[in-house]
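Architecture at a glance
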Amino acid sequence: MTTKIDGNLPAKPVEAKHIAETAQPRAGASREAAVQSSPPVDSLRLTGEAVGLKALVKELAGSSRLDLAKVKEIRSSIDNGSYKIDPEEIADRLLALERELLK
């Protein structure tokens, strides 16, 4: 079965008018009256985990944990070739991190 779709379909002025009336306050009406008469707004409630993450992000953004003097010292020792890599210490720290993550 085929249906012909005509491009001259009638518009729905009642719906468009309804949308325009609800979207804008009437002339002379105050903004407060428009807000009070508007439909209720959806609300959002954060879980405890989300609140904790938000606090952590705020804490990390506010403080700099970067020791610029240490960075400069390490960069200098890499540049002059005196920086020593200790594979045992790296392995120990990786194991400690893994133990901490598994707690």
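Owing to the predicted nature of the structure, the values given are computational and were not obtained by experimental measurement.

Some words on the overall build of the chain
Assigned secondary structure in the chain consists of five helices and zero strands. Walking the chain from its N terminus toward its C terminus, one meets helices and strands in the order α-α-α-α-α. Counting over 103 residues, the chain shows a buried share of 1%. With the model as given, the accessible surface of the chain reaches about 10800 Å², and the carbon-plus-sulfur share is 58%.

With respect to the side chain of Ser77
With respect to the helices, strands and loops of the structure, Ser77 is situated in helix α4 (residues 68-80). When near neighbours in sequence (up to four residues on either side) are disregarded, Ser77 contacts Ser82 and Tyr83.

Some remarks on a nonpolar patch on the surface
On the surface, Ile74, Ile78, Tyr83, Ile85, Ile90, Leu94, Leu97 and Leu101 cluster together to form a nonpolar patch covering roughly 810 Å² of accessible area. Counting only elements with at least two residues in the nonpolar patch, the list comes to α4 and α5 (87-102). Within the fold, Ile74 resides in helix α4.

Thoughts on the pattern of salt bridges
Throughout the structure, instances matching the rule amount to two salt bridges. Salt-bridge contacts for Arg93 lead to Glu89; the nearest nitrogen and oxygen are separated by 2.8 Å. Taken together, the residues span about one helical turn, with Arg93 and Glu89 both in helix α5 at a distance of four residues. Of the charged contacts, one joins Lys103 and Glu100 as a salt bridge, the two residues approaching to 3.5 Å between their closest N and O atoms. Pair check on accessibility: Lys103 and Glu100 agree, each one exposed.

A short note on the confidence of the model for the chain
Here the chain averages 76 in pLDDT, while 61% of its residues score no lower than 70. Mean pLDDT per element in the chain: helix α1 (residues 13-23) is the minimum at 48, and α5 is the maximum at 96. Low pLDDT (under 50) marks residues 13-21, which in the prediction has zero contacts with non-local residues, meaning those over four places away or in another chain.

With respect to α4
Given a rise of 1.5 Å per residue, 13 residues ought to cover 18 Å, and the 18 Å separating the end C-alpha atoms of α4 matches this to within 8%. By the criterion of burial, α4 is predominantly exposed, with just one of the 13 residues buried.

Calculation rules
- Residues numbered from 1 in each chain as written.
- Predicted model: local features only at pLDDT ≥ 70, side-chain atom pairs only at ≥ 80, totals over all residues.
- Heavy atoms only, no water.
- Helix = DSSP H or I, 4+ residues; strand = E, 2+ residues; numbered from the N terminus.
- Buried < 20%, exposed > 50% of the residue type's maximum accessible area, 1.4 Å probe, protein only.
- Areas by Shrake-Rupley, 256 points an atom, 1.4 Å probe, with all protein chains shown as cover.
- Contact = heavy atoms within 4.5 Å.
- Patch = residues over 30% accessible without salt bridge, like charges linked within 9 Å, V, L, I, M, F, W, Y side chains within 5 Å.
- Salt bridge = Lys/Arg side-chain N within 4 Å of Asp/Glu carboxyl O.
- pLDDT = per-residue confidence, 0-100.
- Expected span 1.5 Å × (residues − 1).

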